[in-house]
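Summary of structural features
Here is what each chain is made of, one letter per residue.
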Amino acid sequence: MSYRIIVDSCGELTEEMKASGHYQTACLSIDVDDYHIVDDETFDQKEFLRIVAESPNCPKSSCPSPESYMEGYHCDEEHVYAVTLSAELSGSYNSAVLGKELYHEEYGEKDIYVFNSRSASVGETVIALRIAECEEKGMSFQETVAAVEDYIEKMDTFFVLETLETLRKNGRLTGLKAVVATALNIKPVMGATPEGTICQLGQARGIKKALVKMVEEIVSKVKNPEEKILAISHCNCRDRAERVKEMILEHISPKQVIILDTAGISSMYAADGGVIVVV
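To start, this report covers the structure provided alongside it. Keep in mind that this is a model prediction, so the values were computed, not measured.

About the thresholds
- Once a new chain begins, its residue numbering starts again from 1 and follows that chain's sequence as written.
- Reporting of local features is limited, given that this is a predicted model, to residues whose pLDDT is at least 70; pairs of side-chain atoms are given and counted only at 80 or more, and all residues count toward the totals for whole chains, interfaces and linings.
- To obtain the side-chain values, all non-hydrogen atoms of the structure were included, while hydrogens and water were left out.
- Put simply, DSSP marks the helices as runs of H or I at least four residues long and the strands as runs of E at least two long, and each gets a number from the N terminus on.
- Atoms counted for the radius of gyration: C-alpha only. Globule rule: 2.2 Å times residue count to the power 0.38.
- The contact definition used throughout considers only heavy atoms, calling two residues in contact when any of these lie within 4.5 Å.
- Using a 1.4 Å probe, accessible areas were evaluated by the Shrake-Rupley method; residue-level cover was limited to the displayed protein chains.
- By the convention used here, strands pair only if DSSP detects at least 2 bridges between them.
- Here an angle of 0 to 180 degrees is reported between the N-to-C directions of two axes, which are lines fitted to C-alpha atoms, with helices fitted over the stretch in contact.
- Like-charged residues within 9 Å of one another, or nonpolar side chains (Val, Leu, Ile, Met, Phe, Trp, Tyr) within 5 Å, are grouped into patches, provided each residue has over 30% relative accessible area and no salt bridge.
- We define a salt bridge as a side-chain nitrogen of Lys or Arg found within 4 Å of a carboxyl oxygen belonging to Asp or Glu.
- Counted as positive: Lys and Arg. Counted as negative: Asp and Glu. His and the chain ends are not counted at all.
- One atom stands in for each charge, and that atom is NZ of Lys, CZ of Arg, CG of Asp or CD of Glu.
- Per-residue accessibility, obtained with a 1.4 Å probe over protein chains only, is compared with the maximum for each type, and a residue is labelled buried under 20%, exposed over 50%, and partly exposed between these values.
- We call Phe, Tyr and Trp rings a pair once their centres come within 6.5 Å, taking the six-membered ring for Trp, and we label the pair stacked below 30 degrees between planes, edge-to-face above 60, and tilted otherwise.
- Directions pointing from the helix axis toward each C-beta atom define the arc.
- Under this definition, polar contacts are N or O atom pairs within 3.5 Å; protein pairs additionally need one hydrogen-donor-capable and one acceptor-capable atom, and for neighbouring residues in sequence, both atoms have to be side-chain atoms.

1. Notes on the overall build of the protein chain
Looking only at helices and strands, one finds eleven helices and 13 strands in the protein chain. Relative to a compact globule of 279 residues, whose C-alpha radius of gyration would be 19 Å, the protein chain shows 18 Å and is just as compact. For the C-alpha atoms alone, the extent of the protein chain along its principal axes is close to 60 × 45 × 30 Å. Put simply, of all contacts in the protein chain between residues at least 6 apart along the chain, 73% involve residues at least 24 apart. Working note: accessible area of the protein chain is about 12,900 Å², and carbon and sulfur atoms make up 49% of it.

2. Looking at the sheet that holds strand β4 (residues 35–38)
What the three strands build is an open sheet, ordered β4-β3-β5; its pairing is antiparallel. This sheet does not close on itself; its edge strands, each paired only once, are β4 and β5 (60–62). Pairs of neighbouring strands in the sheet enclose a mean axial angle of 20°, with direction left out of account.

3. Some remarks on a negative patch on the surface
A cluster of acidic residues, E67, E71, E101, E105 and E106, forms a negative patch at the surface. Contributions of two or more residues to the negative patch are made by α3 (66–73) and α4 (92–107). Of the residues forming the negative patch, the biggest block, three residues, is contributed by α4. On the secondary structure map, E101 appears in helix α4.

4. Some words on the pairing of strand β13 (residues 275–278)
Burial of β13 is two-sided: the residues V275 and V277 facing one way and the residues I276 and V278 facing the other way are all buried. Pairing of strand β8 (residues 157–160) with β13, which is carried by four bridges, proceeds in the antiparallel orientation. Bridging across to β13, V160 finds its partner in V275.

5. Some thoughts on the packing of aromatic side chains
Any two aromatic rings considered together are summarised by their centre-to-centre distance and by the angle between their planes. Taken as a whole and assessed by the stated rule, the structure comprises six aromatic pairs. Residues Y103 and Y107 carry aromatic rings whose centres are separated by 5.0 Å and whose planes lie at 40° to one another, so their mutual orientation is tilted. With Y103 and Y107 both in helix α4, this residue pair falls four residues apart, about one helical turn. Through a chain of ring-to-ring contacts, three or more aromatic side chains come together here, namely Y81, Y113, F115 and F141.

6. A closer look at the sheet that holds strand β2 (residues 23–26)
By way of backbone hydrogen bonds, the strands of a sheet pair with one another, either parallel or antiparallel. One open sheet accounts for four strands, arranged β2-β1-β6-β7; its pairing is parallel. Edge strands, defined here as strands with exactly one partner in the open sheet, are β2 and β7 (111–116). Taken pair by pair, the neighbouring strands of this sheet meet at an average axis angle of 20°, ignoring direction. Where strand β1 (residues 3–8) and β2 come together, four bridges link them in parallel fashion. Bridging from a neighbouring strand, D8 pairs with A26 of β2. Across the sheet, α3 touches β1, β2, β6 (79–84) and β7, and the angle it forms with β1 is around 160°.

7. Observations regarding helix α2 (residues 45–54)
Buried within α2 are the following residues: Q45, F48, L49, I51 and V52. Take α2 and look down its axis: the buried residues cluster within an arc of 160°, on one side only. Summarising the geometry of α2, the exposed residues directed more than 90 degrees from the buried face are K46, A53 and E54. Its side-chain oxygen at 3.3 Å from the backbone nitrogen of K46, D44 defines the N-terminal cap of α2.

8. A short note on the pairing of β4
Looking at chain direction, strand β3 (residues 29–32) and β4 are connected through four bridges and run antiparallel. Bridge pairing in β4 links V32 to Y35. Once β3 ends, the chain turns through two residues before running back antiparallel as β4, passing D33 with a positive phi of about 55°.

Read these as geometric descriptors, not functional statements.
Below is the structure:
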């Protein structure tokens, strides 16, 4: 069967994924004060990070429209899947589901399924890769959906941020806590709940200790790593990402490792120096 996988632009695509012809991006957009930025091939990460850092206000993201998802589903491929940013963090999932309903009203029946990643960034990437793996094995549409939903259930997301400013601006961290943490150079180790919300797993003084603590969390929680992809996303800190990979591989042996730069909207949260790990 032929298939298409639509990933909203919070998720990164590897060069191999882009070249395969199976993947399509649904673009989010971002408003920072008077700036309107579309998260597509025109996205300028350096300029975006400058604008975000200089603004006292939180960037406001807008999810892809239901119509844009509907048009993405309108293709020659027989099986179509969408992978979105956690439904607890964005309206992208609901938009993709509504786009599916609009498609059925406009064009009729088709095998379309929307996955709530309950994650972000490379979390969406590994889900998209798992979909393709199932399709390439010749699994049916229903078998692929079941296998990928099971994969999402067992997936864990972890991250350490260089700065807490974006979390402070969007209300996920009180101003006082952010000021104290910054003054003491405290870096929280964050993760995703099973529902897809953000939670704090621990903290450490300094980025190096925080990364070590994150690795400890990963190693203690991961189950059956040999069946999983270790995916690491970073914002302008490749050496840091490589070091995290080395520390993790001292303890577990995943079936594949990928490292990607957060080129688009994920940069808003990662900022310079942030590292996100999914396994």
